[in-house]
Amino acid sequence: MIIVTGATGTLNGATVDYLLKRIPPQQIGVSVRDPARARDLADRGVRVRQGNYDNPSALRHSFADAEQVLLVSSSDLSADVVAQHRRAIDAAVDAGAQRILYTSAHGTGFGTPYPPLAIHAATEQHLAASGVAWTALRNGFYGNPAQLLGAWQETDVIAMPADGPFSWIDRRDAAEAAAAILTADDPFDGPIDLTLPEPVTLADFATTASELSGRQIDRAIVDDETWVADEMASGAPEAVARFTLSMFQATRSGHFAHSDPTLSRLLGRKPRSITDQLKDLNLR
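Bear in mind the structure is a predicted one, so any value in this text is a computation, not a measurement.

Caption draft 1: Quick peek at the packing of helix H4 (residues 81–94) against helix H5 (residues 116–128). Relative to each other, H4 and H5 sit at 25 degrees, their axes nearing to 9 Å. With respect to their mutual orientation, H4 and H5 come out roughly parallel. Here the hand of the crossing between H4 and H5 comes out right-handed. Residues Val81, Val82, His85, Arg86, Ile89 and Asp90 of H4 form the contact with H5, whose participating residues are Ile119, Ala122, Thr123, His126 and Leu127. Among the residues making up the contact of H4 with H5, the classes are represented as six nonpolar, three polar and two charged.

Caption draft 2: Structural context of helix H1 (residues 10–20). Here H1 lies mainly inside the structure; eight of its eleven residues are buried. When H1 is considered as a whole, its buried residues turn out to be Leu11, Asn12, Gly13, Ala14, Thr15, Val16, Tyr18 and Leu19.

Caption draft 3: Expanded view of the layout of surface pockets. When its volume is computed, the second largest pocket comes out at roughly 190 Å³. In this structure, the second largest pocket is lined by Thr10, Ala14, Gly143, Asn144, Pro145, Ile169, Asp170, Arg171, Arg172, Gln277, Asp280 and Leu281. Of all the elements in the fold, those that place two or more residues in the lining of the second largest pocket are H1 and helix H8 (171–182). Residues of the lining of the second largest pocket, tallied by class, amount to four nonpolar, four polar and four charged.

Caption draft 4: Looking closely at the environment of Leu101. Along the chain, Leu101 falls in strand S5 (residues 99–105). On the basis of relative accessible area, Leu101 is assigned to the buried category, the value being 0%. C-alpha separation for the pair Leu101 and Ala159, spaced 58 residues apart in sequence, amounts to 37 Å. Those residues in contact with Leu101 that sit more than four places away from it in its chain are Gln68, Val69, Leu70, Leu71, Thr135, Ile181 and Leu182.

Caption draft 5: Region of interest: the packing of aromatic side chains. Going through the model one piece at a time under the given rule, you end up with six aromatic pairs. On the numbers, 5.8 Å between centres and 65 degrees between planes, the contact of Tyr114 with Phe141 is edge-to-face. With Tyr114 in the loop between S5 and H5 and Phe141 in strand S7 (residues 141–142), this pair connects stretches of sequence that are 27 residues apart. Taken individually, Tyr114 and Phe141 each receive the classification buried, so the pair is uniform in this respect. Both rings, one in Phe166 and one in Phe205, keep their centres 6.4 Å apart while their planes meet at 10 degrees; by these two values the pair is stacked. A residue pair is termed long-range when its members are at least 10 positions apart, and Phe166 in the loop between strand S8 (157–160) and strand S9 (168–169) and Phe205 in helix H9 (residues 202–213) qualify at 39 residues. Among the aromatic side chains, those forming a connected cluster through ring pairs are Tyr114, Phe141, Phe166, Phe205, Phe243 and Phe256.

Rules of the game
Residues numbered from 1 in each chain as written. Predicted model: local features only at pLDDT ≥ 70, side-chain atom pairs only at ≥ 80, totals over all residues. Heavy atoms only, no water. Axes fitted to C-alpha atoms, helices over the stretch in contact; angles between N-to-C directions. Helix = DSSP H or I, 4+ residues; strand = E, 2+ residues; numbered from the N terminus. Parallel < 35°, antiparallel > 145°, perpendicular 65-115°, else oblique. Left-handed = near helix turned anticlockwise from the far one by under 90°. Contact = heavy atoms within 4.5 Å. Nonpolar A, V, L, I, M, F, W, Y, C, P; charged D, E, K, R; others polar. Buried < 20%, exposed > 50% of the residue type's maximum accessible area, 1.4 Å probe, protein only. 1 Å grid on protein atoms, 1.4 Å probe; cavity = no way out; pocket = protein on both sides within 12 Å on 5 of 7 lines; lining within 4 Å. Points joined across faces, edges and corners; volume = space filled by probe spheres on them. Phe/Tyr/Trp six-rings, centres within 6.5 Å; stacked < 30°, edge-to-face > 60°.

Shown next, in the form of structure tokens:
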């Protein structure tokens, strides 16, 4: 039995879809906040139980009979996320899981410019101390490229703070890799970097966008404080703007410059490139 949390979300929802292509639905369970939102999975034969990271008792029930548990990192910005992760890990241990997997992030560690990496590092520490086998899926950045690039389709300019090399992977590839690891014959122990074969920069995005759109898309570097002020003028809270800025600061310090072939090996092909990902946008 493999139990997946966050299965009504985009990432682990896709992971469950890939698992269903590999193993019978009777071997898959999901732990979700609202079981009604997982009705389609129940209809496909997946075990659906209610659970959330603030209720250890419900978690233990939802994790029952699990050989492996895949924990998605919490997105609750108002919560003590590390405490939530610890409760989830402890519940999986109490339920008898033999392996716990966690959606971490590439570059995880303490003392970095990007705050989420310390949260992942603290979670990985708790995993290592749990007494059971564990795997940290250290995914590269992922999401809709439009959120990364700003209003370039209107302005023909990617106007962002200075950046450095990083991996921007396709969320579908991260989900497929997770399913491959969960169903692999040989275990993957400890942290696993899941990145593009080579890192990219926003200048690479500008070049690719130019090729795909048939227009000249430039990369303009905006001073950090000017960019924060512009974001606030557009309605973003200062804390949100500075949080996003910290990601750019971490990339330009070379923190995400390392790449790893593991994602390619798990997929049996090259991961979707930034060209592939930009093609999915409605370019105009």
